Amino acid sequence: MLNRTMRRQVLLFFSMLSLSSVMGQVSYSIPEEMAKGSLVGNIAQDLGLDLKRLKTGKARLHVGNSAEYIELNKERGVLLIKERIDREALCKQTTPCALHFQIILENPIEFYRVTVEITDINDNAPIFKMNSMLFEISESAVRGVKFVLEKAFDSDVGINGLKSYSLNPRDNFILKLHDHTDGAKEVEMILEKPLDREKQQEISLILTAVDGGEPQLSGTVQIQVTVLDANDNAPAFTQSMYKASLVENSPKGSLLTTVTATDIDQGSNGLVTYSISGNTDEILDLFEVDGTSGKVRLIGKIDYETSKHYQLDIKAKDQGGLTDSCKIIFDIIDVNDNSPIIDLMSTTQSIPEDSTFQTVVAVMNVHDTDSDNNGVVKCFLSGNVPFIIESTENGFYSIVTDSDLDRERASEYNITVTCSDEGVPSLSSSVTLTLQISDVNDNAPVFERSSYEAYIVENNTPGLSIFTVKARDADWNQNARVSYILEDSSVNGVPVSSYVSVSADSGVIHAVRSFDYEQIKDFQFRVKAQDGGSPPLSSNVTVKILIKDQNDNAPQVLYPVQTGGSLVAEMVPRSADVGYLVTKVVAVDVDSGQNAWLSYKLQKATDRALFEVGLQNGEIRTIRQVTDKDAVKQRLIVVVEDNGQPSRSATVSVNVAVADSFPEVLSEFTDFTHDKEYNDNLTFYLVLALAVVSFLFITCLVVIISVKIYRWRQSRILYHSSLPVIPYYPPRYSDTLGTGTLPHVYNYEVCRTTDSRKSDCKFGIAGSQNVLIMDPSSTGTMQRIQSEKSILDEPDSPLEDHG
């Protein structure tokens, strides 16, 4: 909206109607494009109406079929903009442009005419219907030729409408305006300066139309003038010689270069075609040129190694037959398209592991057909191998040993030779040759262990396999064949070969004899492993054999000693308390370990409620108070058992006399002498029978019989005296670990008189323990007996071995 000042004119006309109604008219003038709600005029004031009358008369606007752009505010008595008003849309080019409507009131009915004039503002710029105007003008057109241009249109009216035109640039053309009677302006473009197509083929002009509003608005259109040609020029190449670089192995169809020949003529006069001329068939097989565009393309395979340069002759020709020519020189650029070629001239299949340093194993020739750096070759060996590659002459290489070889570390080498050039990217070739390392006997056999220990259970079967020694030789074939030899040595003065043997091939060690743990517990020897090389190499190892014990020995009772000619009885006073130590059974087992662990059990007793045996120490103690009702003669059978599997045992009979004095004991034990006499007579008759059978030994037998008769007579004397003989036990039975021997020293001293039943006896203190022995021979020697009669007249065996 260019002018925001509202000009308002109010005209009031009053006239009298026949119906006694009052009618008036008021006019307003407002610019277009006022905002919604803007004030048009104070209609109540201008018509002289009271605001109350507007309300009571129900004042309203009547617009008929027109759109409602104005509205009445009865509260204020003013007219307001209801909808934005566009004058160009409402009235187009008509002037003046106004809105007509009536204000109607009731009680009484009154109406007033209202006219609102819409004034124009410069809100529209001049426009051209065409986006551009095209003209084709021959360069031979004369000065003063006219060309009518399209007129511009401006929707605004009056001073805001179209005012003038301008043309830029004005080098060749000027503008001329013609005014018509209707106010319209006709525009003409006149050629002022002749055209030259060779200098300027296309001319672009800008036609500008401006209006007279404030601010001034304008519209433009482009005028494109094409200058038509006349055929008066021949084609010409832009260069007489073209140079280009061509990379070998470029793909077919590659665009190499474009030749350009220009003809300043136009149309068919300037049409140029291209062709290859004056070249060989080889060139025609490799290159082609597009006849229209002049693009040169590759149609064959380019190889730098075949040719390093190519020259093409190109001809350009227009439609009139005029021609021009040029040359194209292609410099071929080498690419690294050839890998090095490796030629193995001489190789070795096998070398010994003791080969000297710098031993040659292969000779080869390497070359690359590429040029410059692409043909520079370097060779190297892959992996960690004891070889190096050396360049001897131009392109010749040798592979030699670089360090000591060891077949045991690597028996074969796959030597990979890689040769690469210095091209980008680098190309390489590889060849692998297999080299065998032959064996030399340089390794002695090595045992799997530095020493061996093996166990064998005693009582083994001769020939039993004990275990195997194993030695390995890192060499190969015959050099690695190991033999086992038992080195000469002795065990306890006996050759070790009488104990064990070794298998030469397998290293299996066999037992030659049956071993007894009680005789030998371990021994050691050496075994030598020798290979089959020449000269042979060997090593040895120490082998220790440990004998494992078996439970093959039953316990042996050391105390009390059982003899065939005497009776031993332990004496317990009747005043003995609970836990009174009667005696101790002492036994040993020659086995070892748990096989020698002994336990003691009471197998049979005259009165089980009176005595007990210690499980571990064999001590016989009372378990209750001794009473007068207890029998004097008590017999205990004790079983001694080891802890082996299966276990073995032995039994021993212990006679106990429950009494306070010897006379009391002797009266109870007199019946035992008859058994002793019976045994002595049996021995006499056996000896006499042997004397009869053995005549050669008769003299010796007579002496033996005389001795036996003498001993018999002595026993008879002792029998008539009826006194007990108590032997003296030496103090060698000492306690070891609380088991197996007596814990005390037993000393007895005997004093007796002939033909007297009352003799004095002195007892040494031995843990309140007394021993009573009756022996007709009175020799004091204790012998093991195989059988005796029970004090309770029960037949039993006093000592048995149980396996």
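Details of the structure are given in the entry above.
The shown structure was predicted, so the numbers you read here are calculated from the model rather than taken from an experiment.

> Is there a simple way to think about the state of the cysteines in this case?
One covalent bond between the sulfur atoms of two cysteine residues makes up a disulfide. According to the stated counting rule, one finds two disulfides in the structure shown. In this model Cys91 forms its disulfide with Cys97; the gap between the sulfur atoms is 1.7 Å. Here Cys91 and Cys97 share a disulfide; its torsion about the S-S bond, 65 degrees, makes the bridge right-handed. A relative accessible area of 16% places Cys91 in the buried class.

> Is there a simple way to think about the sheet that holds strand S41 (residues 508-511) in this case?
Sheet strands pair via backbone hydrogen bonds, and the direction of the pair is either parallel or antiparallel. Strand order in the open sheet formed by three strands is S35-S41-S40, and the pairing between neighbours is antiparallel. On the outer flanks of this sheet lie strand S35 (465-468) and strand S40 (500-502), each paired with one strand and no other. Across the sheet, the axes of successive neighbouring strands diverge by a mean angle of 20 degrees, strand direction being ignored. Relative to S41, S40 is paired through three bridges, and the arrangement is antiparallel. Among the inter-strand pairings, Val502 is bridged to a residue of S41, identified as Ile509.

> I would appreciate a short explanation of the pairing of strand S9 (residues 132-138) in the present structure.
Within a regular strand, side chains alternate between the sheet's two faces. Side chains Met133, Phe135 and Ile137 of S9 all project onto a buried face; the interleaved residues Ser132, Leu134, Glu136 and Ser138 project onto a face where none is buried. As judged from the seven bridges shared by S9 and strand S15 (residues 218-228), these two strands associate in the parallel manner. The residue of S15 that forms the bridge with Glu136 is Thr226.

> What exactly am I supposed to notice about the pairing of strand S23 (residues 309-318) here?
Alignment of strand S20 (residues 272-276) against S23, held across five bridges, turns out to be antiparallel. Each residue of the ladder has a partner; that of Thr273, found in S23, is Lys317. One ladder, built from nine bridges, connects S23 with strand S24 (residues 323-333); its direction is antiparallel. Bridging across to S24, Gln311 finds its partner in Ile329.

> Where do I start with the pattern of salt bridges in this structure?
Note that side chains of opposite charge can pair when their charged atoms are close. Inspection of every chain in the model, using the stated rule, returns 16 salt bridges. The salt bridge involving Glu448 is made with Arg472; its shortest N-O contact spans 3.4 Å. Taken together, the positions of Glu448 in the loop between strand S33 (446-447) and strand S34 (451-457) and Arg472 in strand S36 (residues 471-472) put the pair 24 residues apart, joining distant regions of the chain. By relative accessible area, which is 48% here, Glu448 ends up partly exposed. For Arg472, a relative accessible area of 55% corresponds to the exposed category. Across the pair Glu641 and Lys601 runs a salt bridge whose closest N-O atoms are separated by 3.6 Å. Taken as a pair, Glu641 in strand S51 (residues 633-641) and Lys601 in strand S48 (residues 599-605) lie far apart in primary sequence, 40 residues in all. Given a relative accessible area of 23%, Glu641 falls into the partly exposed group. Connected through salt bridges with shared partners, the residues Arg407, Glu408 and Asp439 form a single ionic network.

Procedures and definitions
- Residues numbered from 1 in each chain as written.
- Predicted model: local features only at pLDDT ≥ 70, side-chain atom pairs only at ≥ 80, totals over all residues.
- Heavy atoms only, no water.
- Disulfide = S-S within 2.5 Å.
- Buried < 20%, exposed > 50% of the residue type's maximum accessible area, 1.4 Å probe, protein only.
- Pairing = 2+ DSSP bridges.
- Helix = DSSP H or I, 4+ residues; strand = E, 2+ residues; numbered from the N terminus.
- Axes fitted to C-alpha atoms, helices over the stretch in contact; angles between N-to-C directions.
- Salt bridge = Lys/Arg side-chain N within 4 Å of Asp/Glu carboxyl O.

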